[in-house]
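Residue-level structural notes
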Amino acid sequence: MSRLVVENLHRSFGGVKAVRGVSFTLDGGELLALIGPNGAGKSTCFNLLNGQLRPDEGSVTLDGTPLVGLPPRRIWDLGVGRTFQITATFASMTVAENVQMVLLSKARALFGLWRPAAGRFRAEALEVLDRVGMADQADRPCAVLAYGDLKRVELAMALAGAPKLLLMDEPTAGMAPAERLELMALTAALVRESGLAVLFTEHDMDVVFGHASRILVLDRGQPIAGGSPAQVRADPRVRAVYLGS
Ligand code: ADP
Ligand code: MG
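The rules behind these values
Residues numbered from 1 in each chain as written. Chains lettered and ligands numbered in written order. Predicted model: local features only at pLDDT ≥ 70, side-chain atom pairs only at ≥ 80, totals over all residues. Helix = DSSP H or I, 4+ residues; strand = E, 2+ residues; numbered from the N terminus. Rg over C-alpha atoms; globule rule 2.2 N^0.38 Å. Buried ≥ 20, exposed ≤ 12 C-beta atoms within 10 Å, placed from the backbone. Contact = placed C-beta atoms within 7 Å. Near = placed C-beta within 6 Å. Core = buried A, V, L, I, M, F, W, Y, C linked by C-beta atoms within 7 Å. pLDDT = per-residue confidence, 0-100.

- The name given to the chain in an unreviewed UniProt entry is ABC transporter ATP-binding protein, and the organism recorded there is Azospirillum thermophilum.

And the structure:
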């Protein structure tokens, strides 16, 4: 069985059918890109997977556990993490403190009322920061970081939640092209090393075709193509609807 199994998801907003019959699977060690024009239903899919929205129809399972109907916090505890399009760090806190806060929250979820001191997680925070190349900036407040470094801290905060599945909705928004490729190369390396499963959206096709292991293409809420980067690039429906050629 695949780690994530998504079957026939549907979700409407009033008369708008944002997601219509989306199905896919995702395994550990894979980086799946969800692409499609603006309004295709990508963000809605993310919100359906992490419990922020409930589907009208369809099912989602993580390692066999059904997720539909569970609150977002419970879904996070079960191993679905996400990074955000908008910056979610506390600016006045240091890089390490931001990561420690997530580690503390995870420990509380696992051990209930036990309240470890936040400082206990410093060593663990430094380990996570080392994985994204930010250990040397651990004691700087987030407020002074360059934008690309802030994105790495956000990735570290997502990793600190020990996800089995990481959802990244436009992780490279606002970054320069070289920085985008760098962040996704880092993410791809983490996926290979740790067996994490990643679902991401991205507008930059160099990033998508350069780093995704598979691609799923949505158009007006519906999957229209999927497969390896080579298969998707050659698909005439994709070229017509999305690549504009
Ligand atoms: P994408 O992320 O691919 O750009 P979205 O999932 O954000 O697309 O949106 C898909 C469609 O659903 C769009 O037509 C959008 O306007 C609509 N939509 C998304 N969220 C809401 C909402 N909370 N209320 C009403 N309509 C929404
Ligand atoms: Mg979106």
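1. A few points about the overall build of the chain
- Secondary structure assignment for the chain yields nine helices and 10 strands.
- Taken over the C-alpha trace, the chain has a radius of gyration of 18 Å; the compact-globule value for 245 residues is 18 Å, and the two agree within 12%.
- Referenced to the eigenvectors of the C-alpha coordinate spread, the extents of the chain come out at roughly 55 × 40 × 35 Å.
- Relative to its full complement of 245 residues, the chain shows a buried share of 38%.
- Taking all contacts inside the chain whose residues are at least 6 apart in sequence as the whole, residues at least 24 apart take part in 66%.

2. What to know about the site of ligand 1
- What surrounds ligand 1 is the set Phe13, Val16, Ala18, Gly36, Asn38, Gly39, Ala40, Gly41, Lys42, Ser43 and Thr44.
- Among the secondary structure elements, those contributing two or more residues to the shell around ligand 1 are β2 (16–26) and α1 (42–49).
- Counting residues per element, the shell around ligand 1 draws most heavily on α1, at three residues.

3. Concerning the nonpolar core
- One finds Val99, Leu129, Ala156 and Leu165 to be the most contacted residues of the largest nonpolar core, which totals 64 residues.
- With eight residues, the top contributor of residues to this core is helix α5 (residues 147–160).
- With residues up to four places along the chain from it excluded, the contact list for Ala156 reads Val99, Val128, Leu129, Val132 and Met134.

4. Examining the confidence of the model for the chain
- Per-chain confidence: the chain averages 91 in pLDDT, with 93% of residues scoring 70 or above.
- Scored as a complex, the prediction yields pTM 0.93 and ipTM 0.98.

5. Here's the deal with α1
- In terms of residue burial, α1 counts as a mostly covered element, since seven of its eight residues are buried.
- Listed as buried for α1 are Lys42, Thr44, Cys45, Phe46, Asn47, Leu48 and Leu49.
- Just downstream of α1 lies Gly51, where phi reads positive at about 90°.

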